Amino acid sequence: AVHALALGGAGGAGRELGAKVLALDAAVEGKAKEGARLDAHLQLLSVRGASARDHTIGRLLLELESGGNVRLEEGAASDVWFSSCADLLHSRFYAADFAALGVEGVVALRVTRVHNRALRTRFDERLDALAEAAAAADGGGGGAGRRS
């Protein structure tokens, strides 16, 4: 740039300086667009984070209000019961019912397991009662499953 000033006068240096200013303006505009894109991404992540927070608070309140009788467990794809639920969903889905809407299939992204202590206790009591009735019918309570 020093040589251009000495040899070419102010006109050549002005063009060179103008080109540098245009390059700087383009770089500033590019960084402003990148900043706007990052701001939009931040807004999206903030909304997702707030939604996840509200969902988690709702789940915890449900567990708290039930006095510990209801517990929710988030499943992972490696859990046996997760794949069982996904298989059940796929077996019950009938694509012809949704063909008009353009839906061809379903995918289980999340599965939540509900542990309800009161229902489990009721189930266990009824199962015990059935086992006792079956044992009594087999011959006087000698133990369930024993045959003479």
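This is a predicted model, so every value here is computed, not measured.

1. Considering the overall build of the chain
Counting secondary structure elements, the chain contains four helices and two strands. Mapped in sequence order, the helices and strands of the chain form the string α-β-α-α-β-α. Out of the 148 residues in the chain, the part that is buried amounts to 9%. Carbon and sulfur atoms make up 61% of the accessible area of the chain, which amounts to about 12000 Å² in all.

2. Looking at helix H4 (residues 117–139)
A rise of 1.5 Å per residue sets the reference length of H4, with its 23 residues, at 33 Å; its end C-alpha atoms lie 33 Å apart and thus fit the reference within 8%. Near the N-terminus of H4, the side chain that reaches the backbone nitrogen of Ala118, with its oxygen 3.1 Å away, is that of Asn116.

3. A short note on the pattern of salt bridges
Counted by the stated rule, this structure contains eight salt bridges. Between Glu34 and Lys31 there is a salt bridge, with its nearest N and O atoms 3.8 Å apart. Of this pair, Glu34 and Lys31 both sit in helix H1 (residues 2–65), three residues apart, roughly one helical turn. Overall, Glu34 belongs to the partly exposed group, its relative accessible area being 35%.

4. Side note on the environment of Gly68
Turning to its location among the elements, Gly68 is positioned in the loop between H1 and strand S1 (70–74). Along the sequence, Gly68 and Ala118 sit 50 residues apart, while their C-alpha atoms lie 10.0 Å from each other. Ignoring sequence-local partners within four residues, the contact set of Gly68 consists of Glu63 and Arg117.

5. Notes on helix H2 (residues 80–92)
For H2, with 13 residues, the first-to-last C-alpha span of 18 Å sits near the 18 Å given by 1.5 Å per residue. Residues of H2 that are buried: Trp81, Phe82 and Ala86. Along the axis of H2, the buried residues cluster in a sector spanning 140°; they form a single face. Pointing more than 90 degrees away from the buried face of H2 are the exposed residues Val80, Asp87 and Ser91.

6. As for the side chain of Arg59
Looking at the secondary structure, you find Arg59 in helix H1. Here Arg59 falls in the buried class, since its relative accessible area comes to 15%. Engagement of the side chain of Arg59 in a polar contact is seen with the side chain of Glu74, the distance being 2.8 Å.

7. Overview of the confidence of the model for the chain
Per-residue confidence for the chain gives a mean pLDDT of 86, with 86% of residues at or over 70. Mean pLDDT across the elements of the chain bottoms out in H1 (86) and peaks in H2 (93). Note that residues 1–9 has pLDDT below 50 and, in this model, five contacts with residues that lie over four places away or in other chains.

Conventions used here
- Residues numbered from 1 in each chain as written.
- Predicted model: local features only at pLDDT ≥ 70, side-chain atom pairs only at ≥ 80, totals over all residues.
- Heavy atoms only, no water.
- Helix = DSSP H or I, 4+ residues; strand = E, 2+ residues; numbered from the N terminus.
- Buried < 20%, exposed > 50% of the residue type's maximum accessible area, 1.4 Å probe, protein only.
- Areas by Shrake-Rupley, 256 points an atom, 1.4 Å probe, with all protein chains shown as cover.
- Expected span 1.5 Å × (residues − 1).
- Polar contact = N/O pair within 3.5 Å; in protein donor to acceptor, adjacent residues only side chain to side chain.
- Salt bridge = Lys/Arg side-chain N within 4 Å of Asp/Glu carboxyl O.
- Contact = heavy atoms within 4.5 Å.
- Arc of directions from axis to C-beta.
- pLDDT = per-residue confidence, 0-100.

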